[in-house]
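# Remarks on the overall topology
Chain by chain, the residues:
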Protein chains: 4
Amino acid sequence: MTACCHDHSKWISRWGKEDQVGSANYITVAKRLAALQSVQQGKVYDVSHVIGMDAPYMAPNQTPFLLSMWAGWKDSIKRRRKLGFRNDAGSNVDRLEMTTHVGTHIDALGHFSSGDRLYNGNCAEDLVTNWGLDKLGIEHAPPMITRGIMLDVAHFDGGEYLEPGRVVTPEDLQRACDNAGVTIESGDIVMIRTGWGRFFGVDNARYLHGEPGIDVPAAKWLVEREVTAIGVDNMAVEVLPNPDHGLGLPVHQYALADTGTYLIENLALEELAREKLHSFCFILLATKYRGATGCPVRPVAVI
Amino acid sequence: MTACCHDHSKWISRWGKEDQVGSANYITVAKRLAALQSVQQGKVYDVSHVIGMDAPYMAPNQTPFLLSMWAGWKDSIKRRRKLGFRNDAGSNVDRLEMTTHVGTHIDALGHFSSGDRLYNGNCAEDLVTNWGLDKLGIEHAPPMITRGIMLDVAHFDGGEYLEPGRVVTPEDLQRACDNAGVTIESGDIVMIRTGWGRFFGVDNARYLHGEPGIDVPAAKWLVEREVTAIGVDNMAVEVLPNPDHGLGLPVHQYALADTGTYLIENLALEELAREKLHSFCFILLATKYRGATGCPVRPVAVI
Amino acid sequence: MTACCHDHSKWISRWGKEDQVGSANYITVAKRLAALQSVQQGKVYDVSHVIGMDAPYMAPNQTPFLLSMWAGWKDSIKRRRKLGFRNDAGSNVDRLEMTTHVGTHIDALGHFSSGDRLYNGNCAEDLVTNWGLDKLGIEHAPPMITRGIMLDVAHFDGGEYLEPGRVVTPEDLQRACDNAGVTIESGDIVMIRTGWGRFFGVDNARYLHGEPGIDVPAAKWLVEREVTAIGVDNMAVEVLPNPDHGLGLPVHQYALADTGTYLIENLALEELAREKLHSFCFILLATKYRGATGCPVRPVAVI
Amino acid sequence: MTACCHDHSKWISRWGKEDQVGSANYITVAKRLAALQSVQQGKVYDVSHVIGMDAPYMAPNQTPFLLSMWAGWKDSIKRRRKLGFRNDAGSNVDRLEMTTHVGTHIDALGHFSSGDRLYNGNCAEDLVTNWGLDKLGIEHAPPMITRGIMLDVAHFDGGEYLEPGRVVTPEDLQRACDNAGVTIESGDIVMIRTGWGRFFGVDNARYLHGEPGIDVPAAKWLVEREVTAIGVDNMAVEVLPNPDHGLGLPVHQYALADTGTYLIENLALEELAREKLHSFCFILLATKYRGATGCPVRPVAVI
């Protein structure tokens, strides 16, 4: 059946054809140590949203987040009494169902294809199964402890947030760097605040109906600087709709499939903005669901 | 309906009746800073298992972990072509279903009751709903960055692991501390290695059919030392079956419902043992699923 | 825990306290035989909708209907080749998730309570578990082969359908009977056509935003005539909102909890109306999901 | 992408290339009427099992049947009180998750492929989507009201049931017909009792570890007689393992993909056997889940 697969050998990454980690290779031990040693106060800032049944989702590729009590204290006590236990220990165990791109989450490198090509010249026909990804799943994303940079462009149009369809350009990113007094370096995780995150869970219809974000040029600007991940306080990192109406999610293709760069979505960046924190130790620990195309996370900034 | 609720006012915690954080209060800013500043090399050790469809689960309170491809690249390209997009971006989006106590995970304080009483004198009748916990859910567990201690008792009976039903006593813990040259302090997260973790995902029937672990005396010993969490390389932290056959999961009751102490289960501690690492900076970031009784995590040790 | 349960002994049904079948007792062997013998042509009319991901649902008590391909031909052939099979048999197996009150469906007698009282004086505290109903689940609903009556009231206000909030009264039902030349008899299943069914799956927002239907007086009129089930071409059988704004779903309480009368929802009655078929052999075979509160069905009328 | 599809035009059925109904075409109006008119007593026999969480399933292509209470009376009353309702109507709404081939069920014609070919020369590459079958789904299976035949071969080896691996041959079927005094006719639904059904839900490990059943010759014998469906009191209709160990599920290929003949599995035939009922009016009404590859049913025999 691999007869269906095209030759993608020219897309092999700089890290060799076995690599499944991509831009996370930029986080060296030295980079990680420097990030940890930058911490002076021990203060933690949470940059994730609470994920509940009111979380926005994009149909049809996503389904609602569902959480229900599978086993409750009362029934479990009844069962345990029948087994002869007399201490009335009651279990509350919930069951959770979700497409893994809900809430604040990170995309696995295998989340997007360009045609039938996945990151590192892999063939989607071979790797994408009914039960997840045979390679490039989120379990391969290493713990990310590195320098985080928050670039605030929310006010660049004079308001508190940018509007849907507004492209965040390389020039915007440079200006935000200048404002913050930071320079992007290899292995950084860069988070861009557009201000759009204020509508997450508050006005989901609005949140999902277009968004400000980056287009391919800004993605290239960041990839050239060897960032490990690009995060935004919106649903898809990239501007929606794309200015070229014939293009659907080209930043996903470029970042994930072409260059092996991670994307982080639905970030909660308001507190960092209020505190004017632009550089910090950033920690993101993706849960190792085998073959998953992404997973909800709880990243933090530490100063 | 709260007429069904008993008076639990004498169970209010030292942190006041509004507290939902329990033993995580012990992780002060100073404690966290000290842990981060202990890092010398920048090396990371992953103490979690990969979570897949072969993960062990305890029926009937748990259901199998299921992961399937909800939307694949091929169908999504077909849909996008119909919408006029010409760049053939293919989405792979998986859907995941699980009871939240699968794989390496942390228990929320509301996971267990003693009769109808939850942590901090809360009434289960009021807080446990069809759609999760109204209080004491995992979204309240703060980011945990603190000192981690690994106590290795696996070889205390002369083999490579302890047997099911073997109680890990306070004396065992003291001996392991002495061996490691560590003293438990307030806010530490203590992980106990019984060696039982070797059967996770390898021989699930055996892994689930009883286990070595602590009983209430060792739990008390740890709680008196003000630990934030107790983790073990087994399914339930505590010894199974309990030596008193009339008791079902008394450590869960004592830790979660009575004292607000977190439990971490299914840890992967082999690498730490091989490297003889007993003290480190420990980081655990629980995903904020609203009202969930726990969640899979990817904790790491950093030195 | 049954201490929470009130005394409901005065609600024991005419069929004795062990009965779980309720109004289906009216379908005697003779009644069934007469219905079957009424068939003259062998023509079948389907009165159910196709159930797909576009089926309407009432949040939060219902979740969307989800159907996905759990195992597809391609992956299953790959697996079977590895097992040594050479005939390339490919399995397509879908997985389906739903609250059971989706599409054309029948309610189990245990679907509704009045306070903590279920049908036949049963106590909800005792019967309703995390995993379904211990009694009164849909598996107890016998095969229903009986006379079906279709009462058409859709045009009673001069249009093609009644409007939301329009109460279908006993007088309306009598008038529809007179129009059709039928008299309701014990064991009949009565289906009322309001015309509202035209919006099912076509304009779900409208379909769910109120509906024409019966109120308690018409339900009583039918129950006095000993019908086995009441079906309507709307989401809830009963008028929404109720004219008494302090009442929520009183017909469900009356029919299911008080009198043990089945309800059938989301019927597709347009074809029967076009053919002016008002009396026929009606067949409904509820799938025996243990403890389910209802189930999707495919009832037919045969003439 | 249909470039992957082979030319299957020689597999077009006798009913034309648009046909999605297959052998159900044999049930003519006259056939149906004759079946209904054969009913003399009005007695109903249920030939389905109750479907619960103890239902057998074949991993990995099937997942366990799960049923839980999504919304219960107590919480729903709380919510309705907040909305101003004073009648304390409590809803019990369960949520159900299953692969659709659980319990007594019928296979849709699109359930199986032979390579990339589905029934009627259709191409699996085109029809099988992430969200079900674009054609040949169970919603196309018409109501089946026809003559049912029960052939009892359970005692042919001298015991109460046949053993796993025992092939039911054409000669066995002829002998069972002779015993019963029946002749198979076009449009009949034939159910074969091997006795294996006694282990359903009682000893699932045994039930699933091989089974007696038909092989392709007996399937051909039945298809030549133009049956509409073949049902057996086992998991897969066909003998497992196949005597030719290089063949996996060849009867499924032959019946579904090659000849458009329906299969019914996990039938409960003990009562028919006890009553020595071999010919009856048979009714099976498949729920119209769009694109599903099968569905649980509750077929009945009526005499």
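As a reminder, the structure under discussion sits directly above these lines.
A short tour of the structure in this document, coming up. Position numbers for residues count from 1 along each chain, tracking the sequence in the order it is written. The naming scheme follows written order: chains are lettered A onward, ligands numbered 1 onward. Thresholds applied to this predicted model are a pLDDT of at least 70 for local features of residues and 80 or more for the giving and counting of side-chain atom pairs; totals over whole chains, interfaces and linings are not thresholded and use all residues. Hydrogens and waters are ignored; side-chain quantities use all the structure's heavy atoms.

## Here we look at the sheet that holds strand 11 (residues 144-152) of chain A
Residues and elements named next belong to chain A. Under the convention used in this document: Any two strands with at least two DSSP bridges between them are considered paired. A run of H or I in DSSP counts as a helix once it spans at least four residues, and a run of E counts as a strand once it spans at least two, with each numbered from the N terminus. Only C-alpha atoms enter the line fits that serve as axes; for helices the fit covers just the stretch in contact. Angles between N-to-C directions range over 0 to 180 degrees.
Spatial strand order, 1-19-17-11-13-15-16-5-18: nine strands in an open sheet with mixed pairing. Pairing within the sheet leaves two strands with one partner each, and these edge strands are strand 1 (44-46) and strand 18 (294-296). On average, each strand axis in the sheet is tilted by 25° relative to the strand beside it, whichever way the strands run.

## Here's the deal with the packing of aromatic side chains
Convention followed: When two rings of Phe, Tyr or Trp (its six-membered ring) have centres within 6.5 Å they constitute a pair, described as stacked for plane angles under 30 degrees, edge-to-face for angles over 60, and tilted for the intermediate range. Relative accessible area decides the class of each residue, using a 1.4 Å probe on protein chains only: under 20% of the type maximum gives buried, over 50% gives exposed, and in between gives partly exposed. The rule for a charge over a ring is simple: NZ of Lys or CZ of Arg within 6 Å of the ring centre, and within 35 degrees of the ring normal.
Within the structure shown, the criterion is met by 28 aromatic pairs over all chains. Both rings, one in Trp131 of chain B and one in Trp70 of chain D, keep their centres 5.6 Å apart while their planes meet at 40°; by these two values the pair is tilted. Of this pair, Trp131 of chain B sits in the loop between strand 9 (128-129) and strand 10 (132-133) while Trp70 of chain D is found in strand 2 (residues 66-71), placing the two residues in two different chains. We note that Trp131 of chain B, like Trp70 of chain D, is buried. Judged by centre distance (4.9 Å) and plane angle (70°), the ring pair of Trp196 of chain D and Phe199 of chain D falls under edge-to-face. On the accessibility criterion, Trp196 of chain D (1% relative accessible area) is buried. Taken together, the ring pairs in this structure connect Tyr161, Trp196 and Phe199 of chain A into an aromatic cluster. One Lys or Arg, Arg117 of chain A, reaches over the ring of Trp11 of chain A and ends 3.4 Å from the middle of that ring.

## Observations regarding the interface of chain B and chain A
Keep this limit in mind: In this description, contact between two residues means that some pair of their heavy atoms is separated by no more than 4.5 Å. Summed over both partners, buried area is the accessible surface (1.4 Å probe) that two parts give up on being assembled. The rule for a salt bridge is simple: a side-chain nitrogen of Lys or Arg has to be within 4 Å of a carboxyl oxygen of Asp or Glu. Polar contact criterion, stated in full: a pair of N or O atoms within 3.5 Å, where within protein one must be able to donate a hydrogen and the other to accept it, and residues adjacent in sequence count only if both atoms are side-chain atoms. Under the scheme applied, nonpolar residues are Ala, Val, Leu, Ile, Met, Phe, Trp, Tyr, Cys and Pro; charged residues are Asp, Glu, Lys and Arg; polar residues are all the others, including Gly.
Contact residues are listed per partner, giving 99 residues for chain B and 99 residues for chain A. Together, the buried faces of chain B and chain A total about 8,000 Å²; carbon and sulfur atoms form 56% of this surface. Counting every contact that joins chain B to chain A gives 10 salt bridges. Close ionic contact of Asp244 of chain B with Arg86 of chain A constitutes a salt bridge, the shortest N to O distance being 2.8 Å. Joining chain B to chain A, the criterion identifies 54 residue pairs in polar contact (both at pLDDT 80 or more). Among the elements that take part in the side of chain B that touches chain A, strand 4 (residues 93-99) of chain B stands out by supplying seven residues, more than any other. Taken together, the residues that form the side of chain B that touches chain A break down as 44 nonpolar, 36 polar and 19 charged. Examined bridge by bridge, strand 6 (residues 112-114) of chain A and strand 3 (residues 89-91) of chain B share three bridges and lie antiparallel to one another. For Phe112 of chain A, the partnering residue across the bridge sits in strand 3 of chain B and is Ser91 of chain B.

## Observations concerning the relation of the copies chain B and chain A
What counts is decided by this rule: Only residues with pLDDT of at least 70 in both copies count here: their C-alpha atoms drive the least-squares fit that superposes the copies.
Once turned by 180° and shifted 0.0 Å along the axis, chain B lies on chain A with an RMSD of 0.0 Å. What the rotation and shift describe, once combined, is the action of a two-fold rotation axis. The position closest to the rotation axis in chain B is occupied by the C-alpha of Glu97 of chain B, lying 2.2 Å away. Interface residue correspondence from chain B to chain A reaches 100%, placing this contact among same-surface, isologous pairings.

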